[in-house]
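The residues making up each chain are set out below.
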Amino acid sequence: MTEYETAINLKGSTNVWWKEGEAGFDLSVLDKPQEVVMELTDPETFEIFRARVRICSVESALSEPNILKLFNHESMGGRDKEPVARIYVEIVERIEEPEVQVKLHREKQRFAQMRGEVLKTLLAKDKKDD
């Protein structure tokens, strides 16, 4: 059984832990499987990925259950050391992010040119100070 992790934010609410748009899920009503899209972390490889998953607090309700550790996370406070809860998760589909290639075009500049620009800037600054 694989263990996955995800960060939740309990600030302002005691049980609502996943929110996408106006939809919310309550930890106390996860006795039946619910399908959601969420970001998971594999703690062995530290891979973070998005997936469509089925979550439930009852192991026997899922056909291929894995453990999902829920950690309380506040944006500035960091992650807690111990999980807030452990539930079960079944990955239905991994959502692959598209690869994007970015090309940067920079003109090559010789060291002498850079040195000249720095000297010119320093001389102009020195003239302003006088």
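Residues numbered from 1 in each chain as written. Predicted model: local features only at pLDDT ≥ 70, side-chain atom pairs only at ≥ 80, totals over all residues. Heavy atoms only, no water.

Draft legend 1. Representation of the environment of Thr 2. Inspection of the secondary structure assignment puts Thr 2 in the segment before strand S1 (3-8). Residue Thr 2 is classed as partly exposed on the basis of its relative accessible area, which comes to 33%. Here the alpha-carbon distance between Thr 2 and Pro 65, two residues 63 residues apart in the chain, equals 8.5 Å. Not counting residues up to four positions away in its chain, the partners in contact with Thr 2 are Asn 66 and Ile 67. (Helix = DSSP H or I, 4+ residues; strand = E, 2+ residues; numbered from the N terminus. Buried < 20%, exposed > 50% of the residue type's maximum accessible area, 1.4 Å probe, protein only. Contact = heavy atoms within 4.5 Å.)

Draft legend 2. View of the nonpolar core. Counting residues in each nonpolar core, the largest one holds 15 residues, and the members touching the most others are Met 38, Leu 40, Val 53, Ile 55 and Leu 68. For this core, the secondary-structure elements that each account for two or more residues are S1, strand S4 (34-42), strand S5 (47-56), strand S6 (66-74) and strand S8 (85-95). Here this core gets 4 residues from one element, more than from any other, and that element is S5. When near neighbours in sequence (up to four residues on either side) are disregarded, Leu 68 contacts Tyr 4, Glu 5, Thr 6, Met 38, Leu 40, Ile 55, Ala 85, Arg 86, Ile 87 and Val 89. (Core = buried A, V, L, I, M, F, W, Y, C linked by side-chain atoms within 4.5 Å.)

Draft legend 3. Structural view of the packing of aromatic side chains. According to the stated counting rule, one finds 1 aromatic pair in the structure shown. Here the aromatic rings of Tyr 4 and Phe 49 are separated by 6.0 Å at their centres, their planes lie at 80°, and the arrangement is edge-to-face. Pair noted here: Tyr 4 is in strand S1 and Phe 49 is in strand S5, with a separation of 45 residues, a long-range link. With respect to class, Tyr 4 is no different from Phe 49; both count as buried. Positioned above the aromatic ring of Phe 49 is the side chain of Arg 94, whose terminal nitrogen or guanidinium carbon lies 3.8 Å from the ring centre. (Phe/Tyr/Trp six-rings, centres within 6.5 Å; stacked < 30°, edge-to-face > 60°. Lys NZ or Arg CZ within 6 Å of the ring centre and 35° of its normal.)

Draft legend 4. Spotlight on the pattern of salt bridges. All told, the structure shown has 6 salt bridges when counted by the stated rule. In this structure, Arg 52 engages Glu 35 in a salt bridge whose closest nitrogen and oxygen atoms are separated by 2.5 Å. With Arg 52 in strand S5 and Glu 35 in strand S4, this residue pair connects regions lying 17 residues apart in the sequence. Measuring nitrogen to oxygen at the nearest pair gives 3.7 Å for the salt bridge that ties Lys 120 to Glu 117. Placement of the pair is Lys 120 and Glu 117 together in helix H1 (residues 111-129), with a separation of 3 residues, close to one helical turn. Overall, the relative accessible area of 52% leaves Lys 120 in the exposed class. For Glu 117, a relative accessible area of 41% translates into the label partly exposed. Because the salt bridges share partners, they merge into one network encompassing Glu 35, Arg 52 and Glu 93. (Salt bridge = Lys/Arg side-chain N within 4 Å of Asp/Glu carboxyl O.)

Draft legend 5. Layout of the side chain of Asn 66. Relative to the assigned elements, Asn 66 resides in strand S6. Residues in contact with Asn 66, not counting those within four places in the same chain, are Met 1, Thr 2, Tyr 4, Ile 87, Tyr 88 and Val 89.

Draft legend 6. Representation of the confidence of the model for the protein. For the protein, the average pLDDT comes to 79, and 80% of its residues sit at 70 or higher. Every residue in residues 12-24 scores below 50 in pLDDT, and together they form 24 contacts with partners more than four places removed in sequence or on other chains. (pLDDT = per-residue confidence, 0-100.)

Draft legend 7. Inspection of the environment of Ala 51 at higher detail. Topologically, Ala 51 is positioned in strand S5. A sequence separation of 44 residues divides Ala 51 from Ile 95, and the C-alpha atoms of the two residues are 5.1 Å apart. Once residues within four sequence positions are removed from consideration, Ala 51 is found in contact with Val 36, Val 37, Met 38, Ile 91, Glu 93, Arg 94 and Ile 95.

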